[in-house]
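As a plain string of letters, each chain reads:
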Amino acid sequence: MEKPSIFQRLMSYLLGTDKKLYREVHIDREVVEEILQIARESYPNEFAAILGGKVKNGILHIDGLLFLPGETSDKGAVMNIFMMPLVDEGVGSVHSHPGYNGSPSSADLHFFSKNGLFHLIIAQPYNHDSIFAYNSFGERIDFKLI
Ligand SMILES: [Zn+2]
């Protein structure tokens, strides 16, 4: 039997997220730096986290990362979502891909459609040019570092 993916596990935490409309995404620069650093340190394992933020005046502002406690392994991050504190401010997800492909897998697309507002995939070499942002439909969207 297949183990539930990170995204299936993340899902229950994002299900409560309000589906609010936004037309722009702003991400705090230090959040992106943190993501890049963790992706590099986790390699060849993948990592996943919840993006924290809120929508105000049509702008989705991502200002934090919320981690799921757990360990990583070469089979992907092993996480215990049941230990998570409430993540009311969760608005989406970020995960890394080992490899250079930042396109969502079919499992990713399914997850995006069901959870949150905004998703990041970071591929190798884990720099600013290898961060890919998607909306719930799995469409590439832009974001601004602030
Ligand atoms: Zn993926």
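Just above, that's the structure.
Residues numbered from 1 in each chain as written. Predicted model: local features only at pLDDT ≥ 70, side-chain atom pairs only at ≥ 80, totals over all residues.

1. Let's talk about the nonpolar core
A general trend in soluble globular proteins is that nonpolar side chains are found buried together. Of all hydrophobic cores here, the largest spans 23 residues; its most connected members are Leu51, Leu60, Ile62, Val94 and Ile122. Listing elements by their share of this core, those giving two or more residues are strand S1 (24–27), helix H2 (29–42), strand S2 (48–56), strand S3 (59–66), strand S6 (90–96) and strand S7 (118–122). The residues contacting leucine 51, other than those within four sequence positions of it, are Ile62, Leu65, Gly90, Val91, Gly92, Ser93, Val94, Phe118 and Leu120. (Core = buried A, V, L, I, M, F, W, Y, C linked by C-beta atoms within 7 Å. Buried ≥ 20, exposed ≤ 12 C-beta atoms within 10 Å, placed from the backbone. Helix = DSSP H or I, 4+ residues; strand = E, 2+ residues; numbered from the N terminus. Contact = placed C-beta atoms within 7 Å.)

2. Here we look at the pairing of S3
Bridge count for S1 against S3 is 4 bridges, and the pairing is parallel. Opposite histidine 26, over in S3, you have histidine 61 as the bridge partner. When S2 meets S3, the two strands line up antiparallel, connected through 7 bridges. Along S3, the bridge assignment pairs glycine 53 with isoleucine 62. Where S2 folds back onto S3 in an antiparallel hairpin, the turn is made up of 2 residues, including asparagine 57, whose phi is positive at roughly 50 degrees. (Pairing = 2+ DSSP bridges.)

3. A short note on the sheet that holds S2
With mixed pairing, 7 strands are arranged side by side in an open sheet as S8-S7-S6-S2-S3-S1-S9. In this open sheet, the two strands that pair with only one neighbour each are strand S8 (131–135) and strand S9 (144–145). With 5 bridges joining them, S2 and S6 adopt antiparallel strand pairing. By the bridge assignment for S6, alanine 48 is matched with histidine 95. The sheet strands contacting H2 are S1, S3, S6, S7, S8 and S9, and the helix crosses S3 at an angle near 40 degrees. (Axes fitted to C-alpha atoms, helices over the stretch in contact; angles between N-to-C directions.)

4. Some thoughts on the environment of histidine 97
Take histidine 97: it is sitting in the loop between S6 and helix H3 (106–114). When the C-alpha atoms of histidine 97 and glutamine 124 are compared, they prove to be 7.1 Å apart, with 27 residues separating the residues in sequence. When near neighbours in sequence (up to four residues on either side) are disregarded, histidine 97 contacts Glu46, Gly102, Ile121 and Ala123.

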